[in-house]
Amino acid sequence: MGTTDNNKPTAAPAAKLSKEERLAQAREYAKQFKFETLSVEDLKKVRRNAYAYLL
């Protein structure tokens, strides 16, 4: 018979942030990533592939 450990450590709940604080955090996080834009041809190809996948 196995035993279960009911005293597992849990993460502390995050402090409640205001809408502006959350938005500022999200903007700082997004600065880490560089987004490349797709060309018109690439967008058409993605759309065709998605449509074909649905069929």
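Preceding this paragraph is the structure being described.
Numbers given for residues are sequential positions, taken from 1 along each chain in its written order. Totals for whole chains, interfaces and linings use every residue, but because this is a predicted model, local features are given only for residues with pLDDT of at least 70 and side-chain atom pairs only at 80 or more, for both listing and counting. Note: side-chain values were computed over all heavy atoms of the structure, leaving out hydrogens and water.

*Asks:* Would you take a moment to explain the overall build of the protein for this structure?
*Replies:* Working definition: helices are DSSP H or I runs of at least four residues, strands are E runs of at least two. Numbering for both runs from the N terminus. A tally of helices and strands in the protein yields two helices and zero strands. With a 1.4 Å probe rolled over the protein chains alone, any residue whose accessible area is under 20% of its type maximum counts as buried; one over 50% counts as exposed, and the rest are partly exposed. Classification of the 55 residues of the protein by burial places 0% in the buried group. Surface accessibility in these figures is a Shrake-Rupley result with a 1.4 Å probe; residues are shielded only by whichever protein chains are displayed. Counting only carbon and sulfur atoms, one obtains 57% of the accessible surface of the protein, whose full area is about 6,300 Å².

*Asks:* I'm lost on helix α2 (residues 40-54) in this one. Help?
*Replies:* Because each turn of an α-helix spans 3.6 residues, side chains separated by three or four positions in sequence point in the same direction. The terminal C-alpha atoms of α2 lie 21 Å apart, and with 15 residues this matches the ideal 21 Å at 1.5 Å per residue to within 8%. Burial within α2 is sparse, with just zero of its 15 residues counted as buried. The length a helix should cover is 1.5 Å for every residue beyond the first.

*Asks:* Looking at this structure, how should I read the pattern of salt bridges?
*Replies:* Close approach of charged atoms allows side chains of opposite charge to pair. The rule for a salt bridge is simple: a side-chain nitrogen of Lys or Arg has to be within 4 Å of a carboxyl oxygen of Asp or Glu. The final tally for this structure, using the stated rule, is one salt bridge. A salt bridge links glutamate 28 to lysine 31, with the nearest nitrogen and oxygen atoms 3.2 Å apart. In terms of burial, glutamate 28 and lysine 31 fall into one category: exposed.

*Asks:* Explanation requested: helix α1 (residues 19-30) in the structure shown.
*Replies:* An ideal rise of 1.5 Å per residue puts 16 Å on twelve residues; α1 measures up with 16 Å between its terminal C-alpha atoms. Among the twelve residues of α1, zero are classified as buried, and the element is accordingly described as predominantly exposed.

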